[in-house]
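Structural overview for review
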Amino acid sequence: MLDGLRSRWWRTRQLGTDADHATFRTLHTASLASPALRRGLTAETADLALRHLRGLLGTAAVALADTETLLGYDGLSTHHTAQARALADRAVASSATVVAGRAELACDTEGCLVGHAIATPLVIDDRVAGALVALAETPSASLLRATEEVASWVSGQLELAELDEQRHRLARAEVRALRAQISPHFIYNSLGAIASFVRTDPDRARELLLEFADFTRYSFRQHGEFTTLTEELRSIERYLLLEQARFGERLRVVLQVAPEVLGVTIPFLCLQPLVENAVQHGLEREGGGVITIVARDADRECVISIEDDGAGQDPERIRAVLAGEAAGDSVGLANVDERLRTTFGDDYGLVVETAPGAGTRVVVRVPKFAPGLTP
């Protein structure tokens, strides 16, 4: 008898209470609506999210509107669409919850399950962006509270969507700024080097011109915030070929790349500026210098180091540049550091090892697999 009671108690504890089940269902339903809402408030995302929002509220129907139009309606009694739109407009205009009863929702449809509606504004950064409308059979205080709570949660998801869009806009602006920072004289010097071979070695001049075209096409492309390590290294190889045409044997390059990391996704133009810095500082010494680029597999991460054996730099000045406290001649160093942190988190900023007379080594760590990032 006692064993039977223990068994039932254990099964009950394992399965959870009814309240636990209700909580799990609510969280699961919210997680289904979240991906669509995180893409912003549009007719497409409303269509994907509304069914799950209706599941959260348990009402006959729900609707979503922006400040101009009803974006979507899900559920029974679709003949109340126009009334839902009117209620949403009132909620947006007043920036407050609007409640309507049977008098405002009157219809001739027999057995209609809509006799009550609640429209609550969706607020993003103190700005009304739209409204959530819940349509039910009868009024209740719990439905009013639930509708306002769900509207608050939807507003939070939409605010995250706006933050994501702002982050993407910032990243695009940073890439544009980085393009402007890459040595303005590089194009002039490259074309000058190519021109020097036109008469003496036309074949090499032609090859360098093609490399120059491919390099500029990649560097100034207009689509995508991310690329693969393979594509970034190809562009760097073209850049170094052009620089070697200019500097000859003064510039030597060592490249070591593990095949396992070639497909890793990285922010666009996050390595090119670091290589340009290495060339710039590595050739300060008499007799030229060696640039060493290593990309290795480190379990869940890819570790990339770019090193020169040049004159080195003041560590305190580099710290100030990365902290945004000082400008410097290091092309895009703070820009790249900020983009890495924004994309992968603060644990993935640049690590710079340098000292006067000891050269400079810059280390970049990125996750080998980063969900949501596509080249």
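The text that follows walks through the structure, step by step, so that each part is easy to find. (Residues numbered from 1 in each chain as written. Predicted model: local features only at pLDDT ≥ 70, side-chain atom pairs only at ≥ 80, totals over all residues. Heavy atoms only, no water.)

1. Regarding the overall build of the protein chain
For the record, the criterion: Numbering goes from the N terminus for both helices and strands, where a helix is a DSSP run of H or I of at least four residues and a strand is a run of E of at least two. The buried label goes to any residue with under 20% of its type's maximum accessible area, the exposed label to any with over 50%, and the partly exposed label to all in between, with areas taken from a 1.4 Å probe on protein chains only. Should any heavy atoms of two residues lie within 4.5 Å, those residues are counted as being in contact. The Shrake-Rupley method, run with a 1.4 Å probe, gives the accessible areas here. Residue values count only the displayed protein chains as cover.
Scanning the protein chain from N- to C-terminus turns up 11 helices and 12 strands. In the protein chain, which comprises 375 residues, the proportion classed as buried is 45%. Summarising the internal contacts of the protein chain: among those between residues at least 6 apart in sequence, 65% fall at separations of at least 24. By element, 52% of the accessible surface of the protein chain is carried by carbon and sulfur atoms, the whole surface being about 19,700 Å².

2. Points about helix H4 (residues 81-94)
To keep it simple, the criterion reads: By this rule, a helix spans an expected 1.5 Å times one less than how many residues it contains. In this description, one arc is meant: the one made by directions from the helix axis to the C-beta atoms.
Across its 14 residues, H4 extends 20 Å between first and last C-alpha, which sits within 8% of the 20 Å expected from 1.5 Å per residue. For H4, the full list of buried residues reads Ala 84, Leu 87, Ala 88, Ala 91 and Val 92. All buried residues of H4 project into a common sector of 140° when viewed along the axis, lining one side. Summarising the geometry of H4, the exposed residues directed more than 90 degrees from the buried face are Ala 82 and Ala 93. Considering only its buried residues, H4 is in contact with strand S1 (61-66), strand S2 (70-75), strand S3 (98-100), strand S4 (116-124) and strand S5 (127-136). The positive-phi residue at the C-terminal boundary of H4 is Ser 95, with phi of around 55°.

3. Focus on the packing of helix H7 (residues 202-219) against helix H8 (residues 229-247)
Convention followed: To get an axis, a line is fitted to the C-alpha atoms, and for a helix only the part in contact is used. The angle between two axes follows their N-to-C directions and goes from 0 to 180 degrees. In these notes the angle categories are as follows: under 35 degrees is roughly parallel, over 145 is roughly antiparallel, 65 to 115 is roughly perpendicular, and the rest is oblique. In this scheme, a crossing is called left-handed if the near helix is turned counterclockwise away from the far one by less than a right angle; it is called right-handed if the turn is clockwise.
Interhelical geometry of H7 versus H8 gives an angle of 140° and a closest axis separation of 9 Å. With respect to each other, H7 and H8 are oriented oblique. In terms of crossing hand, the pair formed by H7 and H8 is left-handed. Judged by residue contacts, Arg 204, Leu 208, Glu 211, Phe 212, Asp 214, Phe 215, Tyr 218 and Ser 219 of H7 engage Glu 231, Glu 232, Ser 235, Arg 238, Tyr 239, Leu 241, Leu 242 and Ala 245 from H8.

4. Some points on the packing of aromatic side chains
Note the following rule: Aromatic rings from Phe, Tyr and Trp, with only the six-membered ring used for Trp, were paired whenever their centres fell within 6.5 Å, and each pair was classed as stacked if the ring planes differed by under 30 degrees, edge-to-face if by over 60, and tilted otherwise. Think of it as a cone above the ring: NZ of Lys or CZ of Arg counts as a charge over the ring if it is within 6 Å of the ring centre and within 35 degrees of the ring normal.
Within the structure shown, the criterion is met by 3 aromatic pairs. It is Arg 365 that lies over the ring of Tyr 348; its NZ or CZ is 4.9 Å from the centre.

5. Structural notes on the pattern of salt bridges
Test applied: Just to be clear on terms, a salt bridge is a Lys or Arg side-chain nitrogen sitting within 4 Å of an Asp or Glu carboxyl oxygen.
What the rule picks out here adds up to 16 salt bridges. In this structure, Arg 54 engages Asp 74 in a salt bridge whose closest nitrogen and oxygen atoms are separated by 2.8 Å. Pair noted here: Arg 54 is in helix H3 (residues 43-57) and Asp 74 is in strand S2, with a separation of 20 residues, a long-range link. Overall, Arg 54 belongs to the partly exposed group, its relative accessible area being 27%.

6. Description of the environment of Thr 200
What counts is decided by this rule: Contacts described as polar in this section are N or O atom pairs within 3.5 Å, which, within protein, must combine one atom able to donate a hydrogen with one able to accept it, while residues neighboring in sequence count only if both atoms come from side chains.
Along the polypeptide, Thr 200 turns up in the loop between helix H6 (185-197) and H7. A distance of 3.4 Å separates the side chain of Thr 200 from the backbone oxygen of Ser 196, its partner in a polar contact.

7. Regarding the sheet that holds strand S10 (residues 301-308)
Here is the rule we go by: Pairs of strands are assigned from DSSP output, requiring at least two bridges between the strands.
Strand order in this open sheet of 5 strands is S7-S9-S10-S12-S11, and the pairing throughout is mixed. In the strand order of this sheet, the two ends are held by strand S7 (251-257) and strand S11 (351-354), each with one partner. Strand-to-strand twist in this sheet, taken as the mean axis angle between neighbours without regard to direction, amounts to 10°. The strands touched by H8 within the sheet are S7, strand S9 (289-298) and S10, with S7 carrying the most contacts at an inclination of about 165°.

8. Looking at the state of the cysteines
Note the cut-off: By convention in this document, the label disulfide applies to cysteine sulfur atom pairs within 2.5 Å.
One pass over the structure, following the stated rule, counts 0 disulfides. In this structure Cys 107 is not part of a disulfide, and its nearest cysteine sulfur, from Cys 112, lies 3.7 Å away. The class of Cys 107 is partly exposed, set by a relative accessible area of 31%. Of all cysteine sulfurs in the structure, the one in Cys 302 sits closest to Cys 270, which takes part in no disulfide; the separation is 9.6 Å.

9. Looking at the sheet that holds S5
Spatial ordering of the open sheet is given by S2-S1-S5-S4-S3, a layout of 5 strands whose pairing is antiparallel. A strand with exactly one partner marks an edge of an open sheet, and here the two such strands are S2 and S3. Each strand axis lies, on average, 15° off the axis of its neighbour in the sheet, ignoring direction. Contacts between H3 and the sheet are confined to S1, S2 and S5, with S2 contributing the most and set at about 40° to the helix. Helix-sheet contacts for H4 involve S1, S2, S3, S4 and S5, and the interaxial angle to S5 is about 140°.

10. Considering the nonpolar core
Defined as follows: Nonpolar cores were defined as sets of buried Ala, Val, Leu, Ile, Met, Phe, Trp, Tyr and Cys residues, with membership established by side-chain atoms within 4.5 Å.
One finds Leu 229, Leu 271 and Leu 274 to be the most contacted residues of the largest nonpolar core, which totals 45 residues. Those residues within four positions of Leu 229 in sequence are excluded, and the remaining contacts are Val 261, Leu 262, Val 264, Ile 266, Leu 271, Ala 295, Cys 302 and Ile 304. Judged by nonpolar contacts, the second largest core, of 22 residues, contains Ala 63, Ala 65, Leu 70 and Tyr 73.

11. Topic: the side chain of His 52
Structurally, His 52 is set in helix H3. When its relative accessible area of 11% is taken as the criterion, His 52 is described as buried. When residues no more than four places from it in sequence are discounted, the contact partners of His 52 are Thr 29, Leu 32 and Ala 33.

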